[in-house]
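# Structural description and commentary
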Amino acid sequence: MENMVNIYLFGKRYSVPDDLTIICAMEYAGYQLIRGCGCRSGFCGACAVFYRIKENGELKTCLACQTQVQNDMYIAALPSFPLKKQAYDINKIKPDVQIMRQLHPEIYSCVGCNVCTKRCPQGLNVMQYIEHARRGEFKKCAEESFECVMCGACSTKCPAEIAHPQVAMLARRLNGRYIAPESKHLKDRVEEIDSGKYTELIKQIIQKPVEEIKELYNNRDIEK
């Protein structure tokens, strides 16, 4: 409590410990995170925020769970971004350039401004993986976008209105379904689940208290 900094959440000033992440500072200030961030029983990527430091006009994006507060930091949460979502059956489409032209034609209007890359809080080369998608290089697109958490920050200022995370997800699905080698141990495990091998065990687990489930998870055997 000795080292406190001033931050501004949605325009209001709060004094918080300087060793907190933004997400913890928001909770310290009394905000309830009801959007369901990944580390708060929701999905990863939901804690994307904009911020700038006083006297510095540069607007930055980050994930609030990863970024430590700074003095005179002005913060605003990024709203759930309405990305364009296309409906498709992964088993009825093929990994060729035409599927991108059909589902995401906006990627061919990319002007190469690189704003998407600059906005990405994960430091991904977003413009590069979009270029891979344009060429039908789905394996490269999948690898380049692998750490995307679907926060939508990359799409907020795109002049071509590209839904970058959705493009990347389509590429990863195509890669996993048609291009990447089949994982035998994963296939075997899915077949075991479908056969009902773990049904009774799952029923027993979900009936346990939350704290006991956490204990089981934290002390589980991890395959090497």
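Here the structure is shown first, and the text comes after it.
As the structure is a computational prediction, the values presented were derived from the model and not from experiment.

### Some remarks on the sheet that holds strand 4 (residues 60–63)
Here we have five strands laid out as an open sheet, ordered 2-1-5-3-4, and mixed in their pairing. At either end of the open sheet lies a strand with only one pairing partner, and these are strand 2 (12–17) and strand 4. Sheet twist, expressed as the average angle between the axes of neighbouring strands with direction ignored, equals 35°.

### Description of the packing of aromatic side chains
The description of an aromatic ring pair uses the distance of the two centres, along with the angle that the planes make with each other. With the rule as written, the count across this model stands at three aromatic pairs. Note on F10 and Y31: the rings are 5.5 Å apart at their centroids and 50° apart in plane angle, and the pair reads as tilted. Remark: Y31 occurs in the loop between helix 1 (22–28) and strand 3 (48–53) and F10 occurs in the loop between strand 1 (4–9) and strand 2; sequence separation between them is 21 residues. The class for Y31 is partly exposed, based on a relative accessible area of 27%. Taken together, a centroid distance of 5.9 Å and an interplanar angle of 70° make the contact between Y14 and Y31 edge-to-face. Taken together, the residues span a long stretch of sequence, with Y14 in strand 2 and Y31 in the loop between helix 1 and strand 3 at a distance of 17 residues. Among the residues examined, Y14 registers a relative accessible area of 16% and is labelled buried. In textbook terms, an aromatic cluster arises when at least three aromatic residues are bridged by ring pairs, as seen for F10, Y14 and Y31.

Reading the values: rules and limits
- Residues numbered from 1 in each chain as written.
- Predicted model: local features only at pLDDT ≥ 70, side-chain atom pairs only at ≥ 80, totals over all residues.
- Heavy atoms only, no water.
- Pairing = 2+ DSSP bridges.
- Helix = DSSP H or I, 4+ residues; strand = E, 2+ residues; numbered from the N terminus.
- Axes fitted to C-alpha atoms, helices over the stretch in contact; angles between N-to-C directions.
- Phe/Tyr/Trp six-rings, centres within 6.5 Å; stacked < 30°, edge-to-face > 60°.
- Buried < 20%, exposed > 50% of the residue type's maximum accessible area, 1.4 Å probe, protein only.

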